[in-house]
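Understanding the architecture of this molecule
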Amino acid sequence: MGKDLVVVESPAKARTVGRFLGSKYQTLASMGHVRDLSDKKKRGKPGVHGVLIDDDGFHPEYMVMPDKKKIVTQLRKASRDADVVYLATDPDREGEAISWHLLEAANIARSKVKRVVFHEITKEAISEAFEHPRELDYNLIDAQQARRILDRLVGYRLSPVLWGKVKRGLSAGRVQSVALRLVVDREREIEAFVPVEYWSIESTLAKSAQADSEKRIDFKAALHSIKGRGTKRIEISNGDRAHEIVADIEGAEFKVDTVRKRETRRRPAAPFITSTMQQEASRKLRFTARRTMQVAQQLYEGISIGPEGEVGLITYMRTDSTNVASVALQEANAYIKEKFGAEYAPKSPRTYTRKVKGAQEAHEAIRPTSIMRAPESIRQYLNGEQFRLYDLIWKRMLASQMTDALFDSTRVDIGVKSSKSDNEYLFRASGSVMKFPGFRTLYMEGSDDNASEDDETPPLPELADGDALDCLKITPDQHFTQPPPRFTDATLIRAMEEQGIGRPSTYAPIIATIMDRDYVRKERGRFLPTKLGLVVTDFLKPNFPDVMNIGFTAQMEERLDNIADGELQWEPMLKEFYGPFDESIAKTMSEVERIPREWLEEETGEACELCGNQMVIKSGRYGRFIACRGYPDCKNTKPLESPEERAIRELVSEDVDEYCEKCERPMVVKTGRNGRFLACTGYPECKNAKPLPVGVDCPDCGNVLVERKQKGKNGRIFYSCSNYPECKFAANPLPQPCPDCGKLLVTRGRGRKSARCLDASCGFQGPVPQEEIEEAVA
């Protein structure tokens, strides 16, 4: 009698699940999807690669991926020897589709197949799942298949339009193009923004009885309104009006009108769902959405925890539900009482409801599989990224089940009767002091842009109605309204979630795609559309209004949800979309003119040193670069450097006095795709090349340090030892010389908060000189 077969997606998950199931089961990994839409199109047949279209509808054609053929053969053989085949892929639409593709590709007998679903990889959860197997859910499979076909239709029909009308090699997608539009629209808002001047008036006050006392407590109050002219806050639009009011107030008496005291509460945030985890990891850990999901996948699939062995540390990480299992709630409550005290545990478990458009994925929030597994107790088994994300998830879950933070809040209204006019002004002061920390003992949610995390404000002195106050100072301040900020990872994910664009499993790939396509880039952690992204968006919006419409994209997501719920058939939905879309393709190809090449180029203000033409910024296979506008007559090109890179490079001299060890010709500095290097002047006869020395010896082994650049479009310059891999010293250069000796300044490690001089005889070490760096870059 053969072993029952269990199929999961990854080797890590297979090891963890296999350990819990024991020797009666054989656990194999499919390594993700084994089948996808064909990448070939049948000649003379209507449709796109992998999807035939005729009067009867849409006919997907699947193929086993070339690198998965051996795996499929292995699974087919193992399934023949097994009495039962358990498909234990992830508990969402994509996991259901992977199971179906495995069934079809490996030709597994349906009578043997059982589907098991678990949201955490623990012994209890797996035992429960195997006691209650189910059939494959073909509604979920149809929804995922419809999404895949829809994305193939849009991508494979729309991208060639961009090749013909904008530039070869471009791509468009059903969701990525709308996400790009969000970034572009925000940039246009910023460009069109006109700052508006406004003024505020603030007074510094003290109780009259304490005016000269050492116990005096100064506090600030802001002008709120003029009595008799409504309760709305006063608007002061210019300095003349502000100074006029200040002059009218000078010499007036300040007296307390009313004092309002009340207790306020701050509730803890709900445990993580996919989007909030990505947002908080971006704010607090500086993780990209893609990196967050990679690390979360590792924590979910299992980590070896000493004597415990392989165990999943968190529940499934693609979810939009804030529900928490009752067992986990009881465990959290017991832990809080034991570690913090009964006053930190609510009388009954907290429950959370969260409105997410089309919530449909897994059925529980992201949480630790055991709250008793505190981060510090397992730190030795995790790498740095795993520990930081697990610590964040653990604290968020535990804090969500703690009591509210309590504050004593005071609001004081102060009357000011002018001695020079009939005006009576109302100033207002507020103070808030925490009296019980509650969940904030453990965790505070991060905030975006200018939002404040802290509810505490400076305390006010003890005041009562009618108290006289002394005005120590009154100050008018000029302000200007600010444009909306550019998106960060966190705010872009939040915007997509609020607008219903994409789903939990797609946020990270969407952001990665628009960056990889060079439609957007990051500057200081914020997304900025490139010239290419602006041109593509401006081309698609008028020609394909449905595809680029945020509401339409959200509606398509809702229809996919309806398919998953069994309320809608997938083919009629595709037919309704494809007809008008196909007409737009034909109309655009026949009527719209090609975008001029110059529209894609960014001016640099530099002249070509070979022909005198303008040098412009272009985009290519390996990212952005500078090229002569006279191409193809002039092929002059050079790498595009950021201001920071340029400042770093200027610190390392290109005047070298080295000779080729192979042919004894002089070596010169050249720049390639991966940074600067030394090359022989005898090229192409002599192709000797090596990294550029930076003029400082390695502090670890004494060999020469050289300049290198990380691979990829966004690769950073770094210094490393020329004796690599024997010596693994590496450091990140700063665009500012050492303040003590003028030599190279570097940082090491992920935090990059501490700077040190590379010259061992100098010994400088201290905080990164941020202001000096910004000046150097500018």
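See the structure above.
Our subject in this report is the structure included herewith. Computed from a predicted structure; not experimentally measured. (Residues numbered from 1 in each chain as written. Predicted model: local features only at pLDDT ≥ 70, side-chain atom pairs only at ≥ 80, totals over all residues. Heavy atoms only, no water.)

End to end, helix H14 (residues 531-543) covers 19 Å across 13 residues, agreeing with the expected 18 Å (1.5 Å per residue, within 8%). Tucked into the core, H14 has its buried residues touching helix H5 (138-165), helix H6 (176-192), strand S19 (526-529), helix H16 (570-591) and strand S21 (614-620). (Helix = DSSP H or I, 4+ residues; strand = E, 2+ residues; numbered from the N terminus. Expected span 1.5 Å × (residues − 1). Contact = heavy atoms within 4.5 Å.)

With that out of the way, let us pick up the packing of helix H3 (residues 93-105) against H5. Relative to each other, H3 and H5 sit at 95°, their axes nearing to 8 Å. In terms of their interaxial angle, H3 and H5 are classed as roughly perpendicular. Together, Arg-93, Glu-94, Glu-96, Ala-97, Trp-100 and Leu-103 of H3 and Tyr-138, Leu-140, Ile-141, Ala-143, Gln-144, Gln-145 and Arg-147 of H5 make up the contact between the two elements. Residues belonging to the contact of H3 with H5 are distributed by class as follows: 7 nonpolar, 2 polar and 4 charged. (Axes fitted to C-alpha atoms, helices over the stretch in contact; angles between N-to-C directions. Parallel < 35°, antiparallel > 145°, perpendicular 65-115°, else oblique. Nonpolar A, V, L, I, M, F, W, Y, C, P; charged D, E, K, R; others polar.)

Once that is clear, we can look at the nonpolar core. Membership of the largest hydrophobic core comes to 152 residues, with the highest contact counts inside it found for Leu-389 and Met-496. Broken down by element, the residue count for this core peaks at 11 residues, all from H5. Filtering out sequence-adjacent residues up to four positions away, Leu-389 remains in contact with Met-277, Ala-281, Leu-285, Phe-287, Thr-292, Val-295, Ala-296 and Leu-299. Formed by 25 residues, the second largest nonpolar core is a distinct cluster that contains Ala-242, Ile-245, Leu-460 and Leu-469. (Core = buried A, V, L, I, M, F, W, Y, C linked by side-chain atoms within 4.5 Å. Buried < 20%, exposed > 50% of the residue type's maximum accessible area, 1.4 Å probe, protein only.)

Next up on the list: the pairing of strand S27 (residues 704-709). Of the pairings in the sheet, the one linking strand S26 (residues 689-697) to S27 comprises 3 bridges and is antiparallel in character. When the bridges of S27 are listed, Leu-692 appears paired with Glu-707. Where S26 folds back on S27, the antiparallel hairpin that results is connected by 6 residues, among which Gly-702 adopts a positive phi of roughly 90°. Pairing analysis gives 5 bridges linking S27 to strand S28 (residues 717-721), with the strands arranged antiparallel. The residue bridging Glu-707 from the neighbouring strand is Tyr-719, located in S28. (Pairing = 2+ DSSP bridges.)

Here 6 strands make up a closed barrel; going around it, the order is S10-S11-S16-S15-S12-S17 and the pairing antiparallel. Recorded for the sheet is a direction-independent mean angle of 35° between the axes of neighbouring strands. Where strand S10 (residues 197-207) lies against strand S17 (residues 468-480), 11 bridges are found, and the strand directions are antiparallel. Paired with Trp-199 across the two strands is Gln-478, which belongs to S17. Most of the contacts of helix H7 (residues 239-249) go to S10, to which it runs at about 20°, and overall it touches S10, strand S11 (219-226), strand S12 (253-266), strand S15 (405-417), strand S16 (424-436) and S17.

In the structure shown here, the tally under the stated rule is 14 aromatic pairs. Ring centres of Phe-58 and Tyr-578 lie 5.8 Å apart, and the angle between their planes is 90°; on these two criteria the pair is classed as edge-to-face. Separated by 520 residues along the polypeptide, Phe-58 in strand S6 (residues 57-60) and Tyr-578 in helix H16 bring together distant segments of the chain. The pair Phe-58 / Tyr-578 is uniform in exposure class, with both members buried. Here the aromatic rings of Tyr-86 and Phe-130 are separated by 4.7 Å at their centres, their planes lie at 50°, and the arrangement is tilted. In this pair, Tyr-86 is assigned in strand S8 (residues 85-87) and Phe-130 in helix H4 (residues 123-131), connecting sequence segments 44 residues apart. (Phe/Tyr/Trp six-rings, centres within 6.5 Å; stacked < 30°, edge-to-face > 60°.)

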